[in-house]
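# Close look at the chain arrangement
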Amino acid sequence: MGDILITDDEKDIRELISDILIDEGYTTRLAGTSEACMAEIAAEKPALMILDIWLKDSSMDGIDILKTVKRDHPEIPIVIISGHGNIEIAVAAIKQGAYDFIEKPFNIDQLLVVIKRAMETSRLRRENLALKRGDGPGAEMLGESGAFRALKAQLDKVTKSNGRVMLTGAAGAGKEIAARYIHANSNRADAPFVSVASAAIEPDRMEEVLFGRESADKGIEPGLLEQANGGVIYFDEVADMPPGTQSKILRVLVDQSFARVGGTQKVQVDLRVISSTNKDLRALIESGEFRQELYHRLNVVPIEVPSLEERREDIPLLAAHFIEAFNRAQGLPLRELAEDARALLQTMHWPGNVRQLKNVIERVLILGETTDPISAKELPSHDGPSDEEGRVVLSGALATLPLREARELFEREYLLTQINRFGGNISRTASFVGMERSALHRKLKSLGVVTANKAGARVAYVEDE
């Protein structure tokens, strides 16, 4: 449920509180002095602290510890307890950032209620910060294709570790969804997931956004690294990070600490790092635009996220998911996909990948004035296959070829498209195109079309002569 650090100079009291909290499902750590307390925090940040005001044989009292922790780790809720309570001490503790003040001898039920509320408040604060940054909940992974199953198998292998993951793939393929899947299924699922949009942050503000700032007038302003403490920091399109920031991030990965802009004291963090890119980082290293040391630190486990065209089987499933999502969020019509629309979606060119598919579905639902199934004629056509009378319009290149060569070129492209649409499944392709399976095999051989495994899926391509 949560790791609670109990600091009290009376051994019997801290052990009593610990036993009760363990019975409630919490894990606890104990400290009898300020030195032991600060050492525990440095070793691992707790989810909550129970802190006595008066600490014998210590260099700091509870208020001093409270000030220090709230300066370095403002997100940790702290419950103050004291046997010498009075209104002045309580007010001072609350002003310094304590969640609540409880006087000894305290009622155990009261303490448990305060702890539960404090941890819930801390969780809600993290969620509010996430909403302000535009982060949504962990996105659902959807798919049935071989390429999707291979990706999910790789992601499942890394969820329970703390290893750094580098997600590669085209823009819009779903790299952030993959990162959120890792987080949601890891032992850090209850901790923050903070996304850093490297390309969207002004280079001269990058360090302030990441590391936070300290100033006399505004005090401490935690950055994204601090907000992600205990959880996952996701560097989206890491190749767009300024070179100067790359050096400092490298140091954070080595030391797990940093200083805020304008500050001098080190802030300790416990982070799992996931990054993504749609660029060739090795080429950027050669050109001096990306640090090689940072690449090796981030690229511990490389995982490629397949493009939408590599998982065409999943397109109808994804389209149906987006239709339901737009119906819930915007009240757009809940429409099905007609068979001709399914076929066209699976054969279209998708340079923008899943993001482009989502946009197409939203556009169709907005412009449509019916609840009938979505038909192919409502979908955007990039190739202009027919005119208003339904006649097929030939491309210039095809129209210049003799009939035999034009027919061969058409058959090759048509069958390539259909095979890839059905994930390399020859039986399903044969059924759709209306051919016997053996006849289709002979036709493919004559056209030089072969199939092979790629990224966990079976794909068709033209064999080099």
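Everything below is about the structure printed above this text.
Here's what I pulled together on the structure shown here.

The rules behind these values
- Residues numbered from 1 in each chain as written.
- Predicted model: local features only at pLDDT ≥ 70, side-chain atom pairs only at ≥ 80, totals over all residues.
- Heavy atoms only, no water.
- Core = buried A, V, L, I, M, F, W, Y, C linked by side-chain atoms within 4.5 Å.
- Buried < 20%, exposed > 50% of the residue type's maximum accessible area, 1.4 Å probe, protein only.
- Helix = DSSP H or I, 4+ residues; strand = E, 2+ residues; numbered from the N terminus.
- Contact = heavy atoms within 4.5 Å.
- Pairing = 2+ DSSP bridges.
- Axes fitted to C-alpha atoms, helices over the stretch in contact; angles between N-to-C directions.
- Expected span 1.5 Å × (residues − 1).

On to the nonpolar core, then. Within the largest apolar cluster, 32 residues are counted, with the highest numbers of intra-cluster contacts made by L225, I233, F235, I249 and F290. When residues of this core are traced back to their parent elements, those giving at least two are β7 (193–197), α8 (206–211), α9 (224–227), β10 (232–236), α10 (243–255), α11 (281–286) and α12 (292–298). The contacts of L225, once residues within four sequence positions are left out, are L210, F211, I233, F235, I249, V252, F258, V269 and L271. Core analysis: the second largest hydrophobic core is formed by 22 residues, L318, F322, L357 and V360 among them.

Further remarks concern the sheet that holds strand β6 (residues 165–168). Taken together, 5 strands build an open sheet; the order of strands is β7-β10-β13-β6-β14 and the sheet is parallel. This sheet does not close on itself; its edge strands, each paired only once, are β7 and β14 (301–304). Ignoring strand direction, the axes of neighbouring strands in this sheet form an average angle of 20 degrees.

Because an α-helix packs 3.6 residues into every turn, residues spaced three or four apart end up facing the same way. Compared with the 21 Å implied by 1.5 Å per residue over 15 residues, the 22 Å span of helix α15 (residues 353–367) between its first and last C-alpha is a close match. Among all positions of α15, only N353, V354, Q356, L357, V360, I361, V364 and L365 are buried. Where the residues of α15 are buried, they touch α13 (315–330) and α14 (339–347).

Secondary-structure assignment places F106 in the loop between β5 (100–103) and α5 (108–132). Separated by 25 residues in the primary sequence, F106 and I81 have C-alpha atoms spaced 8.4 Å apart. Those residues in contact with F106 that lie beyond four places of it in its chain are I17, I81 and L111.

Strand pairing in a sheet takes place through backbone hydrogen bonds and is either antiparallel or parallel in direction. Judged by pairing direction, the sheet is parallel, and its 5 strands sit side by side in the order β2-β1-β3-β4-β5 without closing on themselves. If you trace the sheet from one side to the other, it starts and ends with β2 (27–31) and β5, each paired once. Going across the sheet, the axis of each strand differs from the next one's by a mean of 20 degrees, ignoring polarity. Two elements, strand β1 (residues 3–7) and β2, share 5 bridges in a ladder whose sense is parallel. Within β2, the position partnered with T7 by the bridge is A31. Across the face of the sheet, helix α4 (residues 87–95) comes into contact with β4 (78–82) and β5 while running at roughly 150 degrees to β5.

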